[in-house]
Every structure is written in structure tokens, then in C-alpha cells.
Amino acid sequence: MVWPAPFGCDLTKEEAYVQKPDASTGASLKLTILNSKGRIWTMVAGGGASVVYSDAIAAHGFAYELADCGEYSSAPSESQTYEYAKTIIDLIAGGTPHVDGKILIIGGGIANFTNVAATFKGIIHALKEYDQLINHSVKIFVRRGGPNYQEYLKAMRLLDRPPRSRHRLLQEQDLTPTRLSELSNPTVSVPRPSTTLSTSKPRSPRAAEPGSGHARQCPSVAAMIYPFSGHHIQKFYWVTKETLLPVYTSLKEAVSKHSDVDVVVKFTSSRSVPSSAWSTSRSRLSLLSLRVSLTATLWYQAWLLQDWIGNSGGTMDNIVASKLYRPGSVSYVSKSGGMSKELNNIVTNGTYEGIAIGGDHYPGTTFIDHLLRYETDPECKMLVLLGEVGGIEEGHVIEAVKSGKIKKPIVAWAIGACAKMFTTEVQFDHASSVANRDLETADAKNRAMRDGGFVVPDTFEELPHVLPPVIPMDYKWAQELGLIQKPAAFISTISDECGQGLLYAGMKISEVFRADIGLGGVVSLLWFRRRLPPWATKFVEMVLMLIANHGPAVSGAMNTIVPTRAGKDFISSLASGLLTIGSRFGGALDEAASMFSNAHDTGLTPREFVDQARKQNKLISGIGHKIKSVNNPDLRVELVKEYVRKNLPSHSLLDYALAVEKLILNVDGCITVCFVDLLRDSGAFTSEEAD
């Protein structure tokens, strides 16, 4: 069935040239020239998307500059895409240059099954004629999503660096959103299939990938049906493993071998729809058909009214990249199949179910069929309707809302508002998207839906702002996926577990044991983040052994024991002891190091140091002991003094402290001054680091 051009409009040679492959091949190629002198040209994939792009251009006040309206879809070949793109480029380059330059928008929605990298080869081939476009100061904007979109973006960037030209053609790029989409619930009103038959033979093992990414333990596809070869076994991937599926020549044979099958997915051409649908209906199985012609749709309405015909959710790449791992609460119905993928992208809090009924004059189902079904589903909380110019189906929904049949909140928008700005009647890609009266215009529909209580945005671009906000992702789940960064409460600068083995200040743990650096060597790596000489690490070990137990009589221990005996819990008792730490207990080492070092470095004699502290009525940390005296020395102090004098290259601060011997240097003071000598004379620290 061929639809004539709008009344009073003769096809240009370019429009007629594009119409021939559109009529003779399975690809959809449309072109309508609106204003050959316009600055803004479009090359859009998808019928619904082409209308949305035109609406956006018109909404920004550039309808008078829009040169064309058209679309390419249904997986055109590279040569078909090249001819289509070349036709538009010839129109751009054949006109008169504009003082402000020209714009070419290469865009579209998120592709369903089309390999966008393959279709863009034809576009890139046509764009290689740089000189023509550069002479017209053409800027190209790119926005496309779908299978292998990263590959085509890379190819476009390479195209933007011609070795023979100093000009940049792709001056700006709007990169496609990386969140591809897929319906989280079935797109048809049938039970989620437990087992499935497919009525085509995939061209590659990757084409099936049955159940990939799903939580199932086995594939949901039971068998394949391919009538053009004998019965055989075909190998496919199941996630990362391979599995074998039987291939039959008839549906009858497959059903007899797999009685648990309840759904058939049909990938064959539209010509074979009636025959395969008839055999499916006789088997009482639910049918999912990917391409249904107008004639076949009428046949369905007459013979299979009890079955739903729908479109599956896209390639496995779309399914995985969408990350819709949980069902949402918003259900939508759209005419455009391509724009349904955009709706999945827009409905950020999750799609519960979505249907694209198509833009034919006689669709298999209508808006109201699905919206009434959504209304009775308790899991669905909000409705979304994406209509378009032409037809009166939105009117039935308005009546249902006014009569109370639909009570759930509904967000709606009709695309095609740009039609009123064109000087001639425009037939958009969808057969039904033409207004035969004022009631069928997009503006009239949006106004009527707004008056009927719908939530209607001012433009399609504002649709995301009137939908529910994004449901925040669970924090732990987001952190596990690596989507957020959390500041660490503790950061280790001395050990690292990121590599193949544990590192202590850059030294492998295996090397720690191989070099036999001992406990003192490990402490030097962890405390000082460097390797100290053996005499220094031995001193560290000696100190640890000497102060391992101060006994129960020290103030910190006493203040821990007392609350424990009073019946307090362990944490409270420990806190009591820890809070005792200060300049007189625990912290005396730091204060002793500061006092002795300052006195020594400023040139005070030991006597002057003592007299100064007395005048200031200040106790000298590290001096004095309740039991030990000069005549009854602390054995621990003697051991430290002996080791330091024998092994340290210099011990000037120890000698200085011992000059105050009659006030007795206790173990804390002795360890302190010796540590200062170690830091200053080991050669491992600068003077600033030692201080």
C-alpha cells in the first residue's frame, strides 16, 4: 500500500530518489524537503525521533531555518545509508552558502537492534567529501545510541581529523547517553516465559545469548526453528559458557519435544507472519513478533484478538547496559518504538512495563487498551502516554480520565507540535502522523490533555522534569559497584595491600623475612617509613622489651583498675586509664625530648638548665623516681646507657642528660634522649625531620 504525497505537493527529484529504496527494500528511508534554503538539516534515525528533533528545533525558534524532515531506520545497509546521506549532503552543498554557516544534525533515539556502527559506515563514507561542506561552514552535531555506539563515535572522531585539511568539521559532539534501555517487564501481556522457542536461526553464536545476565540457572530458550535445513544442534553462549540447542524444521516438531514451552519469539520477515502466527495459534502459544506489516495486523485483528503482538526489548548489549535490575513503578505506552527506548532512559525511577503500539493506521492495540490494563495493576503507580500528531486515540484516554476509569496520575505529551510552523502539509514517517483536522494536531491534543487533568510539559525536553525523581540507589550497593567515592576514615601511608603482596613502606613482606630485619626493622618501616641501620632497629627492640609492662602501680594502670573494681564495664574502665595520659604520665617522653633538646641546642649548661626550671617552678620531665636513686639505679636505665654508649655513633644528648645525674634520669627520660640521639645521628633523617 503506497500513500500519496500531501495534496498539492510534487516530489522533488531528491525525495523521489529516496522513495525508491524505501518502497523496494525492508529499510525505512524518508525525506521531505521543507526549505531548501534553510540552515538546519537533519539526518535522524527513527520515525518518532525525527519528529522529536523537529519539535526541538521549532521550540527553540528555528522552524523557519529547518530545511528537511525525514528518517532512516529498520537496519538499512551501508550502501543504502550512504545514498541517503549523500542525497542530504548534496542538498546542503548544492545550495547557496549562508553567512552564519549551516548545521547538520546526525541523531536519533537509542537503537533497538540496529548496529549503529555498521549504518554509520555509509554516513562516514558520504561525509568524506569535506571540501563541499567546509565551503558552506557546516557544523555537525552527533547524538546516537544503541549497539556498538562507542565504535561509531570513535570513527566519527577520526573523521574529524582529516590529514589534508586544517578545518575541523565536527566542531561539537553531543555524546550519546551510555545508559541504554530495556523493559524490565515483558512488553506484551503474557506471563514471563519460563521456556521459549525462537522461529529463526541466528547468524552468529552471540546472537542468541539466551538468558545472559539473568539470574536463571539455565537458558530460557529451549530450541530454535529453522525450516530451511535439517534437524541439527547449534552452539550458543550462555553468559560466559557455551551450551547446545536443538534446531527443528517445524514448530509442531519443536512443541512435541518441548512441552514446557509457552512463548514463541519470531524473528522472520513480515511476509511469513500470517503462516507462523497461524501455526502458533493452533499450538496455543503466546507469540512475540518483531516485524508486522499492515496486512498482517489486520489479519491478526480478525483471527487472533485474544493474543498480544509486541516487540522484544533489544539486543543483549542494550539489556546489559541498561542496568535495570529491578522493576519500577511507571508504565508507559508510546506510538514510536524507538522513542520507547528513550522513555526507558527518561523514567529514571524504573519502568514497570512499556508498550510501543506503532504508528500505523490500524495498530494491533491502542493507547486505551494498555492504559486501562495498567490502571488495574496494583504494581503500577504512574502512567506515561507519548502520543503524536494525527488520529484521535488520545481522545479516548481523555474521556477515560474524565469518567474516572483511569484514576492514576498520568503524564502525557504528543509529539509533532512543529507541524503548525510549516508552510505545507507534512507527512511524518508514521503513516498515522498527519493531522486531517485541527482536533488531531499535537497542540490541540496537548491542550486537551492538560485541560483533562494530565500532567503535560511545555516541550518533550521537559518531560523528565515532571516525572518522579530518581530513587536513590542503596549506598552499599552503589559502593560495591564503584559508583561513588567515600572519604576513608583511616588512610594507611605505611602499608599497601593493592599489589600482589603486602608492602611495608614499599618493602615486600617476603623481603622483610628474607632480610631478617626483625621486629625493630618492621617498626622502623611502619613508624618512620624507612629502613634504619641494624644498631637502630636493635635499640627499638630493646625499648619495646623494657617498657612492655610498667606494672600495676603506675597512674594509668591504677585509674583502670579502680573503675573495674567498682563494677564499670570494660570500655569505661579502659577509657578512664587512657584519659590519664598527659605530660606527667605517658606523655612525659615528648615533653622530656623537647625540654632536653631545647636546653642543649640553646647552649645552656646542665646546671643552668636545672636552675632555669626551678625559677619557672617547672618540673623537668624524665627526671626523678619514687624508689630509684643515684645510689640505687634503675637497671633498665643502666642497660640503655650501656647499649647506646657502645653502639650509637653519637650520644651527645644522653651525655648532657647524665650531667644532671644527681636528680636521677628515669627510664622515660633515658629512652627519650637516646631516641633523639638516634634520630639526629643515624643518617636516616634530615635535621628538620629529626626535630
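On a predicted model such as this, the values are computed, not experimentally measured, just so you know.

Trainee: Looking at this model, I keep getting lost on a nonpolar patch on the surface. Mind explaining?
Mentor: Taken together, the side chains of Phe 570, Ile 571, Leu 574, Leu 578 and Ile 581 present a nonpolar region at the surface, about 530 Å² in accessible area. Positionally, Leu 578 belongs in helix H21 (residues 570–578).

Trainee: Explanation requested: the nonpolar core in the structure shown.
Mentor: Most often, soluble globular proteins keep nonpolar side chains buried together rather than apart. Within the largest apolar cluster, 52 residues are counted, with the highest numbers of intra-cluster contacts made by Leu 385, Val 397, Phe 454 and Phe 460. A per-element tally of this core places strand S15 (residues 410–415) first, with six residues. Setting aside its immediate chain neighbours within four residues, Val 397 contacts Phe 367, Ile 368, Leu 371, Leu 385, Ile 406, Ile 410 and Phe 454. Counting 43 residues, the second-largest nonpolar core is a separate cluster that includes Ala 536, Val 660, Cys 674 and Leu 679.

Trainee: Looking at this model, I keep getting lost on the confidence of the model for the chain. Mind explaining?
Mentor: Where the model shows low pLDDT, its predicted coordinates should not be examined in detail. Of all residues in the chain, 71% attain a pLDDT of 70 or more, and the chain-wide mean is 75. The low-confidence segment residues 162–215 (pLDDT under 50) makes 174 contacts with residues lying over four places distant or belonging to another chain. Segment residues 284–312: pLDDT under 50, and 79 contacts once partners within four positions in sequence are set aside and those in other chains are kept.

Trainee: Before we go on, may I ask you to explain the packing of aromatic side chains in this structure?
Mentor: Aromatic ring pairs are defined here through the distance separating the ring centres and the angle between the ring planes. Tallied over the full model, the rule gives six aromatic pairs. Ring centres of Phe 609 and Tyr 656 lie 6.4 Å apart, and the angle between their planes is 35°; on these two criteria the pair is classed as tilted. In this pair, Phe 609 sits in helix H23 (residues 606–615) while Tyr 656 sits in helix H25 (residues 652–658), placing the two residues 47 residues apart along the sequence. Of the aromatic side chains, those joined through ring pairs into one cluster are Trp 527, Phe 528 and Phe 685.

Trainee: Can you walk me through helix H3 (residues 78–94) in this structure?
Mentor: For an α-helix, 3.6 residues make a turn, and residues three or four places apart therefore share a direction. In this model H3 runs 23 Å from its N-terminal to its C-terminal C-alpha over 17 residues, within 8% of the 24 Å that 1.5 Å per residue would give. When you tally the buried positions in H3, you get 12 out of 17 residues, the bulk of the element. Within the span of H3, buried status applies to Gln 80, Thr 81, Tyr 82, Tyr 84, Ala 85, Lys 86, Thr 87, Ile 88, Ile 89, Leu 91, Ile 92 and Ala 93.

Trainee: Just to check I follow, could you spell out the pairing of strand S5 (residues 138–142) for this structure?
Mentor: Sheet faces and side chains relate simply in a regular strand, where the side chains alternate between the two faces. A one-sided burial pattern is seen for S5, the buried positions being Val 138, Ile 140 and Val 142 and the unburied ones Lys 139 and Phe 141. Across five bridges, the pairing between strand S4 (residues 102–108) and S5 is parallel. Pairing of Ile 103 across the sheet is with Lys 139, part of S5.

Trainee: Teacher, can you tell me more about the environment of Ile 561 here?
Mentor: Mapped onto the elements, Ile 561 comes out in helix H20 (residues 555–565). According to the relative accessible area criterion, Ile 561 is partly exposed, its value standing at 35%. Residues Ile 561 and Gly 577, 16 residues apart in the sequence, show an inter-C-alpha distance of 8.2 Å.

Trainee: Help me out: how do you make sense of the pattern of salt bridges in this one?
Mentor: Opposite charge on two side chains permits pairing when their charged atoms draw close. A complete count under the given rule lists 12 salt bridges for this structure. Measuring nitrogen to oxygen at the nearest pair gives 2.9 Å for the salt bridge that ties Arg 373 to Glu 353. Within this pair, whereas Arg 373 is found in helix H12 (residues 367–375), its partner Glu 353 is found in strand S13 (residues 351–356), the two being separated by 20 residues in sequence. No difference in accessibility class separates Arg 373 from Glu 353, as the two residues are buried. One salt bridge in this structure joins Asp 601 and Arg 680, with 2.8 Å as the shortest N-O distance. One end of the pair, Asp 601, is in helix H22 (residues 588–601); the other, Arg 680, is in helix H26 (residues 667–681), with 79 residues separating them in the sequence. Asp 601 gets classed as partly exposed once you look at its relative accessible area, which sits at 48%.

Trainee: Got a minute to help me understand the packing of helix H1 (residues 13–24) against H3 in this structure?
Mentor: To describe two helices that pack against each other, one gives the angle between their axes and the distance between the axes. Two numbers describe how H1 lies on H3: the axes approach to 10 Å, and their chain directions differ by 175°. Relative to H3, the element H1 lies roughly antiparallel. Across the interface between the two elements, Glu 14, Tyr 17 and Val 18 of H1 pack against Glu 83, Tyr 84, Thr 87 and Leu 91 of H3.

Trainee: Would you take a moment to explain the environment of Arg 143 for this structure?
Mentor: With respect to the secondary-structure elements, Arg 143 resides in the loop between S5 and helix H6 (149–159). Of the residues examined, Arg 143 reaches a relative accessible area of 17% and is grouped as buried. For Arg 143 and Gly 108, which are 35 residues apart along the polypeptide, the C-alpha to C-alpha distance reads 6.5 Å. Among the polar contacts made by the side chain of Arg 143, one reaches the main-chain carbonyl oxygen of Gly 108 at a distance of 3.1 Å.

How each quantity is defined
Residues numbered from 1 in each chain as written. Predicted model: local features only at pLDDT ≥ 70, side-chain atom pairs only at ≥ 80, totals over all residues. Heavy atoms only, no water. Patch = residues over 30% accessible without salt bridge, like charges linked within 9 Å, V, L, I, M, F, W, Y side chains within 5 Å. Areas by Shrake-Rupley, 256 points an atom, 1.4 Å probe, with all protein chains shown as cover. Salt bridge = Lys/Arg side-chain N within 4 Å of Asp/Glu carboxyl O. Helix = DSSP H or I, 4+ residues; strand = E, 2+ residues; numbered from the N terminus. Core = buried A, V, L, I, M, F, W, Y, C linked by side-chain atoms within 4.5 Å. Buried < 20%, exposed > 50% of the residue type's maximum accessible area, 1.4 Å probe, protein only. Contact = heavy atoms within 4.5 Å. pLDDT = per-residue confidence, 0-100. Phe/Tyr/Trp six-rings, centres within 6.5 Å; stacked < 30°, edge-to-face > 60°. Expected span 1.5 Å × (residues − 1). Pairing = 2+ DSSP bridges. Axes fitted to C-alpha atoms, helices over the stretch in contact; angles between N-to-C directions. Parallel < 35°, antiparallel > 145°, perpendicular 65-115°, else oblique. Polar contact = N/O pair within 3.5 Å; in protein donor to acceptor, adjacent residues only side chain to side chain.

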